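Residues per chain, in single letters:
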Amino acid sequence: MIETKFKHTDIGPVPKEWEVKTLSEVGSFSKGRGISRAESNSGKLPAVRYGELYTDHNDYIKKFRSYISTDVAKGAKLIHKGDILFAASGETKEDIGKSVAFINDFDAYAGGDIIILSPQGNYDPIYLGFISNSKLVQSQKASRGQGDAVVHIVTSDLGTIQIPLPPLPEQRRIASALMKVDGLIANLDKLIAKKQAIKKGAMQELLTGKKRLPGFKGEWKDSTIGDIAQIVGGGTPSTEVDNYWNGDIQWFTPAELSDNNKYAFKSIRTISKQGVRNSSAKILPINTILLTSRASIGIAAILKTPAATNQGFQSLIIKGDSDVEFVYYLLHILRTQMLSLASGSTFLELSPSKLASISFSLPPLPEQRAIAHVLSVMDSDISLLEQKREKMKAVKQGMMHDLLTGRIRLTE
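Residues numbered from 1 in each chain as written. Predicted model: local features only at pLDDT ≥ 70, side-chain atom pairs only at ≥ 80, totals over all residues. Heavy atoms only, no water.

1. Here's the deal with empty space enclosed by the protein
Logical step 1: Tallying each qualifying case throughout the model produces one cavity of 30 Å³ or more.
Logical step 2: Empty space within the largest cavity amounts to approximately 40 Å³.
Logical step 3: Taken together, Leu23, Val26, Ile84, Phe86, Leu117, Leu128, Ile131, Ser132 and Ile163 form the lining of the largest cavity.
Logical step 4: Only α1 (23–26), β9 (84–87) and α4 (125–131) provide two or more residues apiece to the lining of the largest cavity.
Logical step 5: For the lining of the largest cavity, the class distribution of residues is eight nonpolar, one polar and no charged. (1 Å grid on protein atoms, 1.4 Å probe; cavity = no way out; pocket = protein on both sides within 12 Å on 5 of 7 lines; lining within 4 Å. Points joined across faces, edges and corners; volume = space filled by probe spheres on them. Helix = DSSP H or I, 4+ residues; strand = E, 2+ residues; numbered from the N terminus. Nonpolar A, V, L, I, M, F, W, Y, C, P; charged D, E, K, R; others polar.)

Next comes the structure, spelled out in structure tokens:
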């Protein structure tokens, strides 16, 4: 790595050896077309729909989700190796124009609402994929986004965006370095997925008694949620009164829970004791299991601070002869039963009586604790890998900033 001298440009300082060009100077633009959702799995030809640029692809295309038939392909746009695909629509100006490079030698197709840049000259397509998603370029795309509810960017505005361009050999070195980090992240993704699959299998076996841990032979007894827990609903204050909010009590909504978070420590909003009384909710003690019971049903978290909830929960205060963590894991495999018992026209809801009726076999307390410990260790392993992945993503962002701005140069 070497340091370098900079020159001033419209997009800020760049190395003296680098050029600055607009995207219209880099190549020519065209538009994708066709490929409805119904057509996205109609055949074997790889394709990209504009929404997939946000959900499935980062910087360059690694694999495809959509595959279309030859008939559908006739109405779509053929793309070529080196093309850069931009999403012409999005939800926010901050991420409008998300882009990816197509780097494969085979034929593929682009659907509607995609703007395609076909570079003409000596450019590394992977470098173009990285630079077109850099903060420097994304801020330019955001400034050109039009609309509020749905944001658009048009070809003529996209063409005015300026990008820094190192000499081709340096483009390739930058692309190679960033791809290596992507490879490390992808390997962590695979390892996390493998560990999660192993944990899922272990839960199905250990929580149902299909497989017993060494040293445990006692009989399991038939039980229900109502047998092992007090079920407590939530509530929301009837009016927006200032002294109902910003109190000392955490106040959770279902949107704050996810399957990736085992514990609930802090909510987005707090409520006062007066607000809790007005809502007809209760202050739940530590180690209550928060359980979503409306719309997204069956997401659980173990409460680690006294809190109240809105009416989207039927929370479980576990009785002394059951282990809280065991019940937390058990709820994951009982979700199918929860969904089958939910009802409602506007949204699905699981009533307290239906929740209480859900049945299962319960091992003795020592075995519950042993099973919970095994699954907790698996969770810890997965969590460490996820933390490592997040650190690697942060490393990549730092590298992108340094390499794509020329702050750090890569020698041959």
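There's plenty left to go through after this.
2. So, the sheet that holds strand β18 (residues 245–252)
Logical step 1: Reading across the sheet, the three strands line up as β20-β18-β23 and stay open at both edges, with mixed pairing between neighbours. Lying at the two open borders of the sheet, with one neighbouring strand each, are β20 (269–271) and β23 (307–309). When the angles between neighbouring strand axes are averaged without regard to direction, this sheet yields 65°.
Logical step 2: With three bridges joining them, β18 and β23 adopt parallel strand pairing. Its bridge partner lying in β23, Gln250 is registered against Ala307. (Pairing = 2+ DSSP bridges. Axes fitted to C-alpha atoms, helices over the stretch in contact; angles between N-to-C directions.)

3. Considering the pairing of strand β25 (residues 359–362)
Logical step 1: Of the two faces of β25, the one holding Phe360 and Leu362 is buried and the one holding Ser359 and Ser361 is not buried anywhere.
Logical step 2: Direction of pairing for strand β16 (residues 221–224) relative to β25: antiparallel, over a ladder of four bridges. In the strand pairing of β25, Lys221 is matched with Leu362. (Buried < 20%, exposed > 50% of the residue type's maximum accessible area, 1.4 Å probe, protein only.)

4. A closer look at the environment of Gln120
Logical step 1: With respect to the helices and strands, the residue Gln120 is situated in the loop between β13 (114–119) and α4.
Logical step 2: On the basis of relative accessibility, which here comes to 53%, the residue Gln120 falls in the exposed class.
Logical step 3: Once residues within four sequence positions are removed from consideration, Gln120 is found in contact with Val26, Gly27 and Ser28.
Logical step 4: Only 3.0 Å separates the side chain of Gln120 from the side chain of Ser28, close enough to count as a polar contact. (Contact = heavy atoms within 4.5 Å. Polar contact = N/O pair within 3.5 Å; in protein donor to acceptor, adjacent residues only side chain to side chain.)

5. Regarding helix α13 (residues 365–405)
Logical step 1: Its 41 residues place the ends of α13 59 Å apart at the C-alpha level, agreeing with the 60 Å of an ideal helix rising 1.5 Å per residue.
Logical step 2: Once α13 finishes, Gly406 follows within two positions and takes phi at roughly 80°, a positive value. (Expected span 1.5 Å × (residues − 1).)

6. Here we look at the confidence of the model for the protein chain
Logical step 1: A residue-level look at the protein chain finds 99% of positions with pLDDT of 70 or above and a mean pLDDT of 95.
Logical step 2: Ranking the helices and strands of the protein chain by mean pLDDT puts helix α10 (residues 324–333) first, with 98, and strand β10 (residues 89–90) last, with 92. (pLDDT = per-residue confidence, 0-100.)

7. Observations concerning the pattern of salt bridges
Logical step 1: Under the defined criterion, the tally for this structure stands at 18 salt bridges.
Logical step 2: Here Asp323 makes a salt bridge to Arg369, at a shortest N to O gap of 4.0 Å. Taken as a pair, Asp323 in the loop between β24 (314–318) and α10 and Arg369 in helix α13 lie far apart in primary sequence, 46 residues in all.
Logical step 3: Of the residues examined, Asp323 reaches a relative accessible area of 16% and is grouped as buried.
Logical step 4: Among the salt bridges present, the one from Glu390 reaches Arg389, with a minimum N-O distance of 4.0 Å.
Logical step 5: Owing to a relative accessible area of 18%, Arg389 belongs among the buried residues under this scheme.
Logical step 6: Linked through salt bridges whose partners overlap, the residues forming this network are Asp189, Arg389, Glu390 and Lys393. (Salt bridge = Lys/Arg side-chain N within 4 Å of Asp/Glu carboxyl O.)

8. Here we look at the packing of α10 against α13
Logical step 1: Where α10 contacts α13, the axes come no closer than 8 Å and their chain directions differ by 65°. Regarding the angle of α10 to α13, the classification is roughly perpendicular. Considering how the two elements wind past one another, α10 and α13 form a crossing that is left-handed. Between α10, through Glu325, Phe326 and Tyr329, and α13, the contact on the second element is made entirely by Gln368, Ile371, Ala372, Leu375, Ser376 and Asp379.
Logical step 2: Of the residues in the contact of α10 with α13, the class split is five nonpolar, two polar and two charged. (Parallel < 35°, antiparallel > 145°, perpendicular 65-115°, else oblique. Left-handed = near helix turned anticlockwise from the far one by under 90°.)

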